[in-house]
Structure formats: C-alpha cells, structure tokens
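# Examination of the molecular architecture
One letter stands for each residue in the lines below.
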Amino acid sequence: MELNQLTIHELQNRLRAGEATALEIVQALFKRIETVESRLKAYISLMKEDAFEGAIRADEAIKKGDINPLTGIPIALKDIYCTKGVRTTCGSRILHNYIPPYNATVVEKLQQAGAIFTGKTNMDEFAMGSSTETSFFGATRNPWDPERIPGGSSGGSAVAVAADECIAALGSDTGGSIRQPAALCGVVGMKPTYGRVSRFGLIAFASSLDQIGPFTKDVEDCAIIMNCIAGYDPKESTSVPADVPDYRDFLSRDIKGWTIGVPKEYFIEGIDPEVEQAVRQAIKVVEGLGAKTRDVSLPRTKYCLAVYYIVAPAEASSNLARYDGIKYGYRTPDSLDLLDMYKKSRSDGFGAEVKRRIMLGTYALSSGYYDAYYKKASQVRALIKQDFDEVFRTCDIILTPTTPTPAFKLGEKTDDPLQMYLSDILTISANLAGIPGISVPCGFSGSGLPIGLQFLASHFEEGKLMQIASAYEKNANLEKRRPHL
Amino acid sequence: MKYEAVIGLEVHAQLLTDTKIFCNCSTKFGAAPNSHTCPICLGMPGVLPVLNKKVVEYAIKMGLATHCRINAQCSFARKNYFYPDLPKGYQISQYAEPLAEFGHVDIEINGEKKAIGITRIHMEEDAGKLLHDEHNPVSYVDLNRTGVPLIEIVSEPDMRSAEEAAAYLKRLHEILVYLEICDGNMEEGSFRCDANISLRPWGETAFGIRTELKNMNSFRNVQRALEYEIKRQQYILDDGGEVVQETRLWEDGQGVTHSMRSKEEAHDYRYFPDPDLVPIDIGRDWVDEVEKNLPELPLAKRERFMGEYQISAYDAGVLTVSRALADYFEEVAKRSGKPKIAANWVMGDILKFLNEEKKDIKDCPITPSALADLIGLIDKGTISGKMAKDVVEQMYQTGKAPTAIIEEKGMVQITDESTLSKIISEVIEANPEQVAQYRSGKEKVFGFFVGQIMKATQGKANPKIINDLLKKMLTKS
C-alpha cells in the first residue's frame, strides 16, 4: 500500500514509530494527484508549496516530540472555507479571484491540530447542486466511473478522499452535500448537529442549514477529525456551548439493546432495488449486533423538499447579495451606471443554478408572498423537527439509505432541476431538523458503484453515530475495493 | 379649507458604544476612510455577526426612559437592498420583534402638555458613506460607519404641527443625551430624523396620503421642512389635487422639498429573521438592573428643582438643559444653601462666560464649590454683590478661589461704621447743594451720594451700611 492510501490513524502510528515521514506522505499524495487529477478534477486550487513546507515543519515537530492529533496529516478543504492568502472561489466566477484576509475557524483549528493542507476542492457553485457539475471550474468525476457524477455539492472533497488524493477532507452539508457525495464515492461523511462546528469563515449558502463536516476513509478517522473541529466558537452566535466528548471513546462500544428506527417514508417508490437490498442487508447486520429495529414514521417527510427549496433559496438570495462587484470578486468591465454594474456583474458572475435559486428565494421573501412561502415553510420546518423528536423518544438511531440511487451520469439531470433536487430527498430532513447524520459505505451495485447507508441521531448525539457506524463498519464484512483509475 | 397636519417621526440615534454592534471595530468619528473596518463589517464572504451586549443595554435605557414595554424576547431581521455603502447587501435591523414598544414622550407647548406615542424602538447597524469625486465620475466608499450601532425610534402619528414635531424631537434628543447613550450631534449624523406627514380636512379622522421627508439635519430644518410641506400639500388639496405618496428630500439652500422616489420605486426590503443571530432574551432582572441605574430624566429633574429649590419653571428649564449643567447648579445650590441666588449666578454670569467662548459647563474653570464660596462671601458681607461681579470674572479667567482674588486685590468690603461715617461726613460737607435738595424732598439725589461714597472707597463700602448711615446722617444735621 502507498502512504496516500492509508487512514489518519494508520499514518499517525507510522509517523510516531518513525516508519514514515510527513514529507513522504505529501510526496506520495502529490504523485497520485499528478496521475489522476486531470481525469477527476477534484481540486480547484492545489496548495503544493504550502503542503511541502508544512510537511517539513511537521517532521521537525515530530522529531522534537511535539505531536498534535493531525501532525503531518494532509487534508483537503472544500473551496468554501476562507483561507488567508489562498484563493477561495466557492466554485463561482464571481469569486474567481477572491483571496480572503482571514482564516475560517475550522481552518485555524485544523492548523492548530497540525494538519497540512493539500488544496481547495471543487464544488457546485456556492454549494448549490448535487453533482458538482455547476462549478465554474468544470465538473468533478466519480473515481468509480468517470462517466458519472461524484455527488455534490462537496464532490471534490469526496473524490479526493475516495481516490487517495488526500487523507481526509472537509465538506459542508446544507441539504446532503457531505453525505450524498460520500455515499456515491464510497467514503464516510458526517454532517454534525447544527451549532456543533463553527461556521465562521464558511461562505454561507443557507445560514440556518449549513454545517461543516469531515470526509474520511473510515469511522475512526471521522472521530479524529471531529475531535479537532467540534466545539463552541464565540465568533458564531449560533454555535452551541455544549461539551465535546472524545469521539474515539465511542468506537469500541457495542450497540446491544439499542432501538433502531427504520422510517417507512425513506423506502420510497423510485428507490433503486440494489440500494434497498444493500440497506436491508445492513439492517440485518445491526440486528446481529444486538440492536432491535422497528418501523417508524416521519409523516412530514413528504414536505421536506418543498420546505427546503423555500428556506434555502430565501436565505441564499440574501447571503449572496454581497457579491455586487463593488468590494471584491468579479466586476463587469463595462457598465453605464450603478444599476447596470450590479446587473451585469451578477448576471455574468453567477451561473444558472445560482441565479435560479436567487430568484426563487427573492420571490419567496417578497412582500405579499412572505407569509405564504417563507413563513409557512418555517412553520412546517418546526413540525418536521417534531417528527424526529417524536421518533427519538423511542429510538436511539434512525437508519435509512443515504441516496435513492447510486451515482448517475454526467449531464443526466442538468436539464431537469427537479430530478436533481430529488437526489437529496433522503438527506435534506436532517438539515431542516438540525440533527447529525453520517453516511457509511454499505456495498456496491452490480455495476460496481458504491452505495451509502445513513444513520441519523438526535441533536448532539454524534457519539452515538460514531458508535453504530463503527460497529457496523467492523461487522458488515464488506468487500474491500479501490477504484481503478 | 382648513386642514389638520398629521406628523410622525422616525429618529435614528447613534449609540455611544466603544465598538460596533457586530464586531470589535472602533466607532470613533473622523478616522481615515476604511481604517475602522474588519472582515466582519466589510461584509467579507463567510463572516458572522456577534451582538455587542452594550447596544442592548443602551437601547433598554431609551425604552425605559420613554415609558416603553421592553419585550421579553426580541430578534434581528435582515432588510435587503442593494447600495454600495451597504457591504452585505442587507442591513441587520429589527422587524417583527423589536426591543421596545408602546411608549410615550411628553411635550409642552405654551403651557399645554401632550403625550406623543412611541410605536417602537429597535436596534440596527448603520451603513457606510459614499464620497463622490467632484471632478471625475467616480465614487468612493468609506465603511468606517458601517456597523456603528443605531436605535431607531418610531413615533405614532400624534403630532399636529411642525412646532409639536420640533418639541418632540428636542425632548427625544434631550433624553438621549441625558442617558449618555448618544452624543446628539446632528451635524455629524449621530442624531437623524425622517418625517411622515399628511393633511386631512379639519374634523376628519381618516389619514390623508402622506409623504416622507428626509435630509433635515437640524431642529430648525425639521420645522422648516414640515412647515413647507404642510403648505405644499395644502396647496395641492385646495386645488382639488391629490398628494403623491413619495419620499421627498429637504433642500436646505432653497427651502423646499424635492421628490426623491415614488411609491412604485420604493424598495421591497424582503425582511426575514436573520439566521446568523439568535433571538435575545431580555430577562426581568436585566431590565430591573438597567432601570436601577437610570439617571433622573430632564422632566423629573425640572419638576424636582421647582419644588425643592423654589425656582421658576423657566429657570428650571434652563438649568436642566443638560445633565452636567443641572449637576453643576445643584452642587452650587447645596453647598451655598442659597438655591435661588445660585440659579441667578449660574444662569447669569457663568452661562454668559461659557457662551461667549462656546464652552461646555464641563469645561468651566469655576468649580461649583468656588462659586458657592463666593455666594457665601456675599452673604456674610465680606464683599458686595457688585464686587462679586468682578471677582467672578477673575475667577473665570484665573481659576483661582474667590478668597484669593479678594485678598490679592484688597477687595475686602469696608463695614466699619466709624470709618464709613467719616467718609460720609466728608461727602456731605463737600456737596451742600445736593444736601439742600435732598432735604427739600428731592430724594432722588440719594443715589448721587451713594455714588460719591463708592467712588471714595473704590466700591468697597458695604452698601447696606452706607444706606442706613447716609439716611440717618442726611436727615440729622
């Protein structure tokens, strides 16, 4: 095995034992990136120089015995996190030349933990999409079949992990943007509870839904990253000052006696039979570990997509107003007056999907429509959360497929936004309710595409997610495969 | 036809916090453009606001001072519109859940009292400023002011004349300054006012069509603009026309209002709750704590001064114009034990000196205790009131204690009766003609003698003793 194929915990052991150096890891990674990147396009910007310098510093630190949890570990960042002095585009032309003057809190936290950054990964423009096809910088491809999409919006991060172009990555999840690409690329992806990980420096799409989380090769790595990034941030008002446990403590615990809810609304018509079969098999695995499963209902599931496509675009229409060509980013070279400058800069700077959502959101917030759309959606959102609260009164965990189907082909849904929106139907509810969720691999389709299994837990129960995901991972006896590139 | 004006005011007051409402940048006025900025107030991608608690405290103060209900929970909303001085493309304000509601402010015009309702008081952030190049078609943006905390105080449409509006505005200004939460500087924009005004036929209860007036940066301009607008609307209505609902700008130089934008061009602000900020719970304890530390407000102070110090309503009004002046007067009154005399000195000489130099009472070189000492010296007869006038001027110029000045200048009053009798005899002897006039009943010449005696003593003679002695001596011989 090459060093870049290993997990964080495996590399930690090697680094500590002196069996590998950070420089060797980074070298192996960039060799891999050179080989596959032109076919996959996981990254928008590479930070090769920073990574090599970081590796040298890490090796010096290790020699001195100054070892932090992520010392010498190369991590990729979705291009939605502000990185001081490093271009941050959010996949958009309007920020194609934007260099932030500050670091996002998570970036600072990873740096303090010793991480090395490999680059900024590709994404749907402003995280609006489920396929990483709306990026101004071109589409990212699925390493299991480059004719297919990797999911989105954090497709670049998922692919970088799946194709061993980094050891772990950070993504952001507004409606499934971590869990869905994790499922379609065969890696672990977690969306923590809203308020668990600081959003400061995460370029906002929909502020009440956005949450940051890791992509990793296994559940233990997920716990390691979460240990580094979770916690209260005084720079964010919606950050929650709750204690953060050591998530690694949950990895070896069993799930005997747990009650697992299986919501009937998540095994809907249109779900791929191979996906359903893989998930049914997973249910047997957790039952074999001493958990009881029971059928539960989340009756407002049918409203999730509608509520999401009012709330998220409404917030986005306001969040994206700052991209006006005045202070930073793209400005039209020719304009007649101020209004013309706004119109041209924004018309040329934003892609079609972003403009569609800005218009949807602007409409939903308009005078005379607010009550019927935004206000009503917010009320239904509260009911959706109640559905989950109800189920979590009797269940430890909810188990569902992560996506209705394995990865679809590039271009297959770009002309049909509604079909595209439906690919998030199983993940959106967790964002609306603010609860944590994790997607772990649960097998492959007949054509060799990864399938994802989703666990959902109540607020701030990330530990429980680690516990069941780890137990499942160890006992599922899944075939170990790597994408052929 | 006879019309009644219906006026409501929206006042924006900048709060005197050290830092901005959602970041740690300084709020100081007058710095180099964009030097008081950070990624947060610049609206950089990814930044988030964190509320400055001091802003809430100051807003609660104003709410309590205007008899508002302080809501147990309030929240922030986004007001969305595009303008280059608004870096996020929205202003963080309050909409559905303001901090305070249902208050009132009492005004008085020609002895008639009236309560003007306060609809709401809410917190929000200020926008930046545009600087237009006079020679080139270029504009610059200065974002120092962006994020400076404001409270907006919205009145009920309770005012019926420009005069009432001006009185209300002055009262609000006075309260804000008394609370020390706003410097009240209208020229620098720390205190700004927009007005809504409509006319209706006398006796009608429904509102007419209103216009909104902006760009009035002094009390006088608010009154002038409203007076102009009343006449303008009256003219339109008398002519059988209809007032257009629009925003109009006051043009100070021309003394008129100009249309700025019509109702159709009005923004749809698309208010919605700001998802980056959590609702603020304002517990009873917090409100009680703020209330406990609230200073005495101008109106209450005025009434107390009238009762406690037996001074006139007019004097009480002058002396409570600012908290510092009221404190100054009160200390002089207490230390001297002569409140009425203290009031005369403060309102007379002290304010005259300060006004001449355009100084604030806080910069007065005469301390309240020095002024009280001076009053005591007059009372004891050490110096005459006339001498005191000179002493106080010296005190103002040198900052010295009155006793020191009196000693230096040898200004101690002559009260010794034998000394004075001698001087009086000399004056009487030297002016037999006037003595004869006096004795024949022409009492007016009495003043002449007093003048002569004062001249002889360089003004140091005790006037009361002179009065008595002179009268006796003139009639006696």
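For clarity, every value in this text was computed on a predicted model and none was experimentally measured.

## Comments concerning empty space enclosed by the protein
Residues and elements named next belong to chain B. Taken as a whole and assessed by the stated rule, the structure comprises three cavities of 30 Å³ or more. Approximately 120 Å³ is the volume attributed to the largest cavity. Taken together, 15 residues make up the lining of the largest cavity; nearest its centre are F22, I40, P49, K88 and E125. Tallied by class, the residues present in the lining of the largest cavity amount to nine nonpolar, two polar and four charged.

## Examining the pairing of strand β7 (residues 259-263) of chain A
Residues and elements named next belong to chain A. β7 sits mainly inside the fold: five of its five residues count as buried. Side-chain alternation along β7 places T259, G261 and P263 on one buried face and I260 and V262 on a second face that is also buried. Chirality of the crossover, the property in question, places the unit of β7, helix α8 (residues 273-288) and strand β8 (residues 292-296) among those that are right-handed. When β7 meets strand β9 (residues 397-401), the two strands line up parallel, connected through two bridges. Considered in β9, the bridge of I260 is made with I397.

## Topic: the pattern of salt bridges
Summed over the entire model, instances satisfying the criterion amount to 53 salt bridges over all chains. Linking A:K120 and A:D79 is a salt bridge whose minimum nitrogen-to-oxygen distance equals 3.1 Å. One end of the pair, A:K120, is in strand β3 (residues 116-121); the other, A:D79, is in the loop between β2 (74-78) and α4 (105-112), with 41 residues separating them in the sequence. For the residue pair A:K120 and A:D79, the accessibility class agrees, reading buried in each case. In this structure, B:K389 engages B:D349 in a salt bridge whose closest nitrogen and oxygen atoms are separated by 3.2 Å. Of this pair, B:K389 sits in helix α10 (residues 385-398) while B:D349 sits in helix α8 (residues 339-356), and the two are 40 residues apart along the sequence. The class for B:K389 is partly exposed, based on a relative accessible area of 44%. Judged by relative accessible area, which is 9%, B:D349 ranks as buried. Taken together, the shared-partner salt bridges in this structure form one network comprising B:E296, B:K301, B:R304, B:E308, B:D327, B:E330 and B:K334.

## With respect to the packing of aromatic side chains
Residues and elements named next belong to chain B. Evaluation of the coordinates by the stated rule reveals 32 aromatic pairs over all chains. Ring geometry for F22 versus F76: centroids 5.5 Å apart, planes at 80°, classification edge-to-face. Here F22, found in the loop between β1 (3-14) and α1 (53-65), pairs with F76, found in the loop between β3 (73-74) and β4 (77-80); they are 54 residues apart in sequence, far enough to count as distant. Judged by relative accessible area, F76 falls into the buried class, the value being 4%. Ring geometry for F191 and F219: centres 6.2 Å apart, planes at 50°, overall tilted. Here F219 lies in helix α3 (residues 219-238) and F191 lies in strand β11 (residues 191-201), a separation of 28 residues in the sequence. By relative accessible area, which is 1% here, F191 ends up buried.

## Re the layout of surface pockets
Considered as a void within the structure, the second largest pocket measures approximately 910 Å³ in volume. Lining the second largest pocket are 35 residues, and of these A:S208, A:Y374, A:R381, B:P273 and B:P275 lie nearest its centre. Per element, the largest residue contribution to the lining of the second largest pocket is seven residues, and it comes from helix α12 (residues 371-392) of chain A. Taken together, the residues of the lining of the second largest pocket sort by class into 19 nonpolar, 10 polar and six charged.

## A closer look at the domain arrangement of chain B
Residue and element names in this part refer to chain B. By domain assignment, chain B separates into domain 1 (3-286), domain 2 (296-408) and domain 3 (417-476). Roughly 820 Å² of surface becomes buried between domain 1 and domain 2 when both sides are summed, with 55% attributable to carbon and sulfur atoms. Broken down residue by residue, the surface that domain 1 buries against domain 2 is led by R171, E174 and Y178, which jointly contribute 66%. Scanning the region where domain 1 abuts domain 2 turns up two salt bridges. Linking E174 and R302 is a salt bridge whose minimum nitrogen-to-oxygen distance equals 3.0 Å. Here domain 1 and domain 2 share three residue pairs in polar contact (both at pLDDT 80 or more) between them. It is helix α2 (residues 162-178) that provides the largest number of residues to the side of domain 1 that touches domain 2, a total of four residues. For the side of domain 1 that touches domain 2, the residue count by class is four nonpolar, no polar and five charged.

## Points about the side chain of A:H9
All names here are of chain A. Tracing the backbone through its elements, the reader meets H9 in helix α1 (residues 8-17). A polar atom in the side chain of H9 sits 3.5 Å from the side chain of E220. Not counting chain neighbours up to four residues away, the residues in contact with H9 comprise D218, E220, D221, I224 and R248.

## Focus: the sheet that holds strand β15 (residues 272-273) of chain B
With antiparallel pairing, three strands are arranged side by side in an open sheet as β5-β4-β15 (chain B). Each of the sheet's edge strands pairs with one partner strand only, and the pair in question is β5 (90-93) and β15 of chain B. Pairing geometry for β4(B) and β5(B), over four bridges, is antiparallel. When the bridges of β5(B) are listed, B:N80 appears paired with B:Y90. Relative to β4(B), helix α9 (residues 304-319) of chain A is tilted by about 60°, and along the sheet it contacts β4, β5 and β15 of chain B.

## Remarks on the interface of chain B and chain A
Taken together, the contacts link 30 residues of chain B with 38 residues of chain A. Summed over both partners, the interface of chain B with chain A buries about 2,700 Å², with 61% contributed by carbon and sulfur atoms. The largest contributions to the chain B side of the interface with chain A come from B:P45, B:F82 and B:R270, which together make up 23% of the buried area. Linking chain B to chain A there are one salt bridge. Here chain B and chain A share 17 residue pairs in polar contact (both at pLDDT 80 or more) between them. Counting only elements with at least two residues in the side of chain B that touches chain A, the list comes to β4 and β15 of chain B. For the side of chain B that touches chain A, the class distribution of residues is 21 nonpolar, four polar and five charged.

## Notes on the sheet that holds β11(B)
Residue and element names in this part refer to chain B. Read from one edge to the other, the open sheet built from nine strands follows the order β2-β6-β7-β10-β1-β11-β12-β13-β14, with strand pairing classed as mixed. Because the sheet does not close on itself, it has two edges, and the strands there are β2 (69-70) and β14 (256-262). Inspection of the sheet shows strand β7 (residues 112-125) paired to strand β10 (residues 149-155) by seven bridges, in the antiparallel sense. Across the sheet, the residue bridging to I118 is S155, located in β10. Contacts between α1 and the sheet are confined to β2, β6 (100-109), β7 and β10, with β7 contributing the most and set at about 165° to the helix.

Parameters at a glance
- Residues numbered from 1 in each chain as written.
- Chains lettered and ligands numbered in written order.
- Predicted model: local features only at pLDDT ≥ 70, side-chain atom pairs only at ≥ 80, totals over all residues.
- Heavy atoms only, no water.
- 1 Å grid on protein atoms, 1.4 Å probe; cavity = no way out; pocket = protein on both sides within 12 Å on 5 of 7 lines; lining within 4 Å.
- Points joined across faces, edges and corners; volume = space filled by probe spheres on them.
- Nonpolar A, V, L, I, M, F, W, Y, C, P; charged D, E, K, R; others polar.
- Buried < 20%, exposed > 50% of the residue type's maximum accessible area, 1.4 Å probe, protein only.
- Helix = DSSP H or I, 4+ residues; strand = E, 2+ residues; numbered from the N terminus.
- Right-handed = clockwise from strand over helix to strand, strands pointing away.
- Pairing = 2+ DSSP bridges.
- Salt bridge = Lys/Arg side-chain N within 4 Å of Asp/Glu carboxyl O.
- Phe/Tyr/Trp six-rings, centres within 6.5 Å; stacked < 30°, edge-to-face > 60°.
- Domains from an automatic or database assignment.
- Buried area = accessible area lost by both parts, 1.4 Å probe.
- Polar contact = N/O pair within 3.5 Å; in protein donor to acceptor, adjacent residues only side chain to side chain.
- Contact = heavy atoms within 4.5 Å.
- Axes fitted to C-alpha atoms, helices over the stretch in contact; angles between N-to-C directions.

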